[in-house]
Amino acid sequence: MEELLQLLTETCPGIDFAGSEALIDDEILDSLDIVTIVSAIMDTYGVTISVDDLVPENFNSVAAMLDLIQRLQA
Amino acid sequence: MSFTSLTFLVFLGVLVVLYYLVPRKFQWALLLLASYAFYLWGGGKTVVYLLITTCSTYLAGRLLGGLNRRLKALPAEERKAKKPSFDRRKKQVVLAACLLNFGLLYILKYWSFTAEVVNNASGFHLPAPDLLMPLGVSFFTFQSIGYVIDCYRGKYAPQEHLGRYALFVSFFPQIIQGPIARYDQLGPQLLGEHQLDWDQLKYGIQLCMWGYFKKLVIAERIGVMVNAVFADVWGYSGSMMAAAVLGYSIQLYCDFSGGIDITRGVGQMLGIDMAENFRRPLFALSLTEYWRRWHITLGGWMRDYVFYPIALSSGFRKLGSFARKHFGGVMGKIFATSMATFVVYFVIGIWHGANFRYIAYGFYNGGLITAGLLLEPTFVKLRERIPIRWDGKGWHLFQMARTSLIVFVGRYMTRAPRLITALAMIRATVTDFQLQSFTDGTLLSFGLTAFDYWVVALGMVVVTAVEWYQEKGGHVRKWMEGRGALAQWAMVMVPLLVIVLLGAVGQGYVAAEFIYAQF
């Protein structure tokens, strides 16, 4: 979790990832942020995130993103 | 049948009465009948295009749903092995649906332009038949293709009943100018059973009246002056050109957002909550935010079906890796995404029509937004060095004014007849700005009186005040409900009187189409 949080903070500085459970629903992240985050996750974790995975439930919180990564790694 | 015609009001009145009288299980069928009657009234023979799009995307949805179902039913191991083959077939279905429907859209909307450019450049004689443009073709094509792609992605199961799907594509309030709906949001509402809710009916009527106020009192009125200047654009000074473009900006906003208010109001009267298409773009602090607030459903469509697939494609990912390796820093991180953003805004530009001015409009928006993204690190450093309150009201007002100015310049391109004219008008605005033309009576030579200008100005004050209240979190119609019965009655009657007395109706009035209907 800490490693992902650090990656996210480096990728999109200025966004409080740890303090929100509704990053998409509350429009804290926009489409550009999402694509930047997706690229960073794919490069770092070696997973393939497809367009179909780009739903709010997968990106609303750090825990949700970690869950997505773990599912794709399984 | 224009929303602003008496025929439409009668049509709507009869429909609403029948809608709540027929057995609820037939409500969707009544809406389908009404939608096709509405389309045939305005679109005539071009209904054939609507039918082609409806049938082809319905079929594509069914095929994709079948493939998804069959794949899901396979045992895990077999599913994994056969997934690539299923994916390939699904892609073929989507490709066929896109080629047919976007191909039709291309022929109808862009072929004349292509033929003209090719013929001028090469001396060929490509035929350019004058095809009749189907009503709302861009809107129903985009909406249907969105449905096909969602079926491809397995977002939901396809609609199996052709008639019910046909209602989703043809629903009459939205077919002229959107909003571009998603099936999972609109479909269940269209097909659901609705009981008469007096509050919803009242809210719907109020929202329609607000839309009519913007369209008939403001947009139609200022449109007279805009048309007069653009009919003889070189007969006026740069300042009058700027005034006409400002007038056009007001006209376009009140016309489009007013039309959407009527659309959503009609939906609400029928118990259907349609997607929001505007979120007070006047208050946008940047061009990116402006596009998130203006024509929201088109932006959302572009994001989900163009931006994400491009940005996450292997080509753009390779470009991203290249940029990170060679540029480094923030620039390296966002370079590929910025390029994808540019493509999206370029597509939005040409979505408006086939003309060099729309291509330029796409470049203008895409270029500015991309430059803003790439230069953001520099702006951050600059902001750290300049000691002013970056979160203060003054800075916010400046950002709003800056955004409005950028949008205003872009409007030259969307209203001028040709790109070269738009550029020359921008030049004239700077080099030939004559303040005295605002006081020497020129403004009164366009067919509007001083009273008309006051009506437009006060109308815009009302629109801005209402939007400011909404921007602060206020809900106008709920606020109205908190007043006494007399005040509530007055708040319905006064706008109605304003529309009747000051709206562009009465003798000699020709029900006007909405500007976005042509896109």
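Calculation notes
Residues numbered from 1 in each chain as written. Chains lettered and ligands numbered in written order. Predicted model: local features only at pLDDT ≥ 70, side-chain atom pairs only at ≥ 80, totals over all residues. Heavy atoms only, no water. 1 Å grid on protein atoms, 1.4 Å probe; cavity = no way out; pocket = protein on both sides within 12 Å on 5 of 7 lines; lining within 4 Å. Points joined across faces, edges and corners; volume = space filled by probe spheres on them. Helix = DSSP H or I, 4+ residues; strand = E, 2+ residues; numbered from the N terminus. Nonpolar A, V, L, I, M, F, W, Y, C, P; charged D, E, K, R; others polar. Contact = heavy atoms within 4.5 Å. Core = buried A, V, L, I, M, F, W, Y, C linked by side-chain atoms within 4.5 Å. Buried < 20%, exposed > 50% of the residue type's maximum accessible area, 1.4 Å probe, protein only.

Enquirer: I would appreciate a short explanation of the layout of surface pockets in the present structure.
Expert: Over the atoms rolls a probe the size of a water molecule, and in doing so it shows where empty space is left. All names here are of chain B. In this model, the second largest pocket occupies a volume close to 1200 Å³. The set of elements that each furnish at least two residues to the lining of the second largest pocket consists of helix H10 (198-231), helix H11 (238-269), helix H19 (450-471), helix H20 (476-481) and helix H21 (485-502). Of all the elements, H19 adds the most residues to the lining of the second largest pocket, at ten residues. By residue class, the composition of the lining of the second largest pocket is 26 nonpolar, ten polar and nine charged.

Enquirer: Can you help me understand empty space enclosed by the protein in this one?
Expert: The tally for this structure, following the rule as stated, stands at four cavities of 30 Å³ or more. Of the pockets and cavities examined, the largest cavity occupies roughly 80 Å³. If you list the elements that add at least two residues to the lining of the largest cavity, you get helix H2 (31-45) of chain A together with helix H14 (314-326) and helix H15 (329-351) of chain B. For the lining of the largest cavity, the element with the highest residue contribution is H14(B), accounting for four residues.

Enquirer: In this structure, what is going on with the environment of B:Phe11? I would like to understand it.
Expert: Residue and element names in this part refer to chain B. Tracing the backbone shows Phe-11 in helix H1 (residues 6-21). Here the alpha-carbon distance between Phe-11 and Gly-328, two residues 317 residues apart in the chain, equals 61 Å. Residues within four places of Phe-11 in sequence aside, it is in contact with Met-1, Ala-34, Phe-38 and Phe-172.

Enquirer: Explanation requested: the nonpolar core in the structure shown.
Expert: Inside soluble globular proteins, nonpolar side chains tend to come together where they are buried. Counting 171 residues, the largest nonpolar core has A:Leu4, A:Phe17, A:Ile41, B:Phe8, B:Phe171 and B:Phe172 as its most contacted members. A total of 16 residues in this core trace back to one element, the largest contributor, which is H11(B). A:Phe17 has contacts with A:Leu5, A:Leu8, A:Thr9, A:Cys12, A:Leu23, A:Leu29, A:Ile37, A:Val62 and A:Met65, leaving out every residue within four places of it along the chain.

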